[in-house]
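Chains, contacts and geometry: an overview
Spelled out from the first residue to the last, the chains are:
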Amino acid sequence: MAAGAGDNPPLHPALEPLAFLLGTWRGEGEGGYPTIQSFKYGEEIKLWHSGKPVMAYAQKTWKAASGEPMHAESGYWRPKPDGSIEVVIAQSTGLAEVLKGTFDAEQKRVQLQSSLVGNASKVQAIGRLFEVEGKELKYTVDMATLTHELQPHLRAVLTKI
Ligand code: HEM
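Structural notes, computed from the coordinates. Remember, it's a predicted structure, so these values are computed and weren't measured experimentally.

Definitions and cut-offs
- Residues numbered from 1 in each chain as written.
- Predicted model: local features only at pLDDT ≥ 70, side-chain atom pairs only at ≥ 80, totals over all residues.
- Heavy atoms only, no water.
- Pairing = 2+ DSSP bridges.
- Helix = DSSP H or I, 4+ residues; strand = E, 2+ residues; numbered from the N terminus.
- Axes fitted to C-alpha atoms, helices over the stretch in contact; angles between N-to-C directions.
- Near = heavy atom within 4 Å.
- Polar contact = N/O pair within 3.5 Å; in protein donor to acceptor, adjacent residues only side chain to side chain.
- Phe/Tyr/Trp six-rings, centres within 6.5 Å; stacked < 30°, edge-to-face > 60°.
- Buried < 20%, exposed > 50% of the residue type's maximum accessible area, 1.4 Å probe, protein only.

Turning to the sheet that holds strand E6 (residues 96–104), a few remarks are in order. Ordered in space as E1-E2-E3-E4-E5-E6-E7-E8-E9-E10, the 10 strands form a closed barrel in which the pairing is antiparallel. Looking at each pair of strands side by side, their axes are set apart by 25 degrees on average, direction ignored. In this sheet, strand E3 (residues 55–63) lies alongside strand E2 (residues 36–49) in antiparallel orientation, the contact comprising nine bridges. Note on E3: the bridge partner recorded for glutamate 43 is threonine 61.

Below is the structure:
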């Protein structure tokens, strides 16, 4: 019978160095920028695979105080054997990103810089850093806008559930 949804395929060897990211992560973050009021949010990130050399990514956030939905995004992570990685992300705001960077399996770190930001009114560039330490996934998002150089917008700490 043909393989289909619901199967639990073996991990593609290309994803082995990034297996530390797989799973569901939940936690809290803090956002800010010189032009806005800082804010706190809750977040869930899922990373999974279907047996292909690509990892699927989905994220959703909510207001820490009320639980009201905030930003969400999803995409695909494509690691290459030379330690480089390419990521595409579609944001709920309509913005589309292509990011390129590197991963380090020993440090459990993925570092990304936008090579393309599409359909954005203000955003010029995005930098993302993901690090796993023990059971914690920590990340930061930096952005540059038409008026401000690359600087922090988000940072969060999530735990594997
Ligand atoms: C504001 C971009 C992720 C919540 C902004 C602004 C930009 C932006 C351009 C306006 C800044 C200004 O006016 O100077 C982005 C990008 C993201 C991202 C590129 C991802 C790479 C998020 C996430 C959340 C969030 C995950 C919520 C958890 C907010 C809030 C504001 C804001 C609350 C201020 C109010 C508003 O303008 O809506 N963001 N954002 N952002 N962002 Fe983000």
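After that view of the structure, there is still more to cover.
Next up on the list: the site of the ligand. In the vicinity of the ligand there are 18 residues, among which Thr35, Gln91, Lys122, Arg128 and His153 approach most closely. The separation between an oxygen atom of the ligand and a polar side-chain atom of threonine 35 is 2.6 Å. Measuring from an oxygen atom of the ligand, one finds a side-chain N or O atom of lysine 122 at 2.6 Å. Put simply, the parts of the chain that give the shell around the ligand at least two residues each are E2, E3, strand E4 (69–79), strand E8 (123–133), strand E9 (136–145) and strand E10 (151–160).

Moving on to the pairing of strand E7 (residues 109–118). Remember that side chains alternate between the two faces of the sheet whenever the strand is regular. In this sheet, E7 lies alongside E6 in antiparallel orientation, the contact comprising nine bridges. Paired with glutamate 97 across the strands is valine 117, a residue of E7. The turn linking E6 back onto E7 is made up of four residues, and lysine 108 within it adopts a positive phi angle of 55 degrees. For E7 and E8, the ladder comprises five bridges, and the chain directions are antiparallel. Of the residues in E8, the one forming a bridge with glutamine 111 is leucine 129.

Inspection of the sheet shows strand E1 (residues 23–33) paired to E2 by 10 bridges, in the antiparallel sense. Of the residues in E2, the one forming a bridge with glycine 29 is tyrosine 41. Connecting E1 to the next strand, E2, in antiparallel fashion are two residues.

It is worth spelling out the packing of aromatic side chains at this point. Two descriptors summarise a pair of aromatic rings, namely the distance from one centre to the other and the angle between the planes of the rings. Counting across every chain of the model gives four aromatic pairs. Each ring, one from tryptophan 77 and one from phenylalanine 130, has its centre 5.0 Å from the other, and the planes form 65 degrees; the classification is edge-to-face. With tryptophan 77 in strand E4 and phenylalanine 130 in strand E8, the pair connects residues that are 53 residues apart, well separated along the chain. Phenylalanine 130 shares its class with tryptophan 77; the two are buried.

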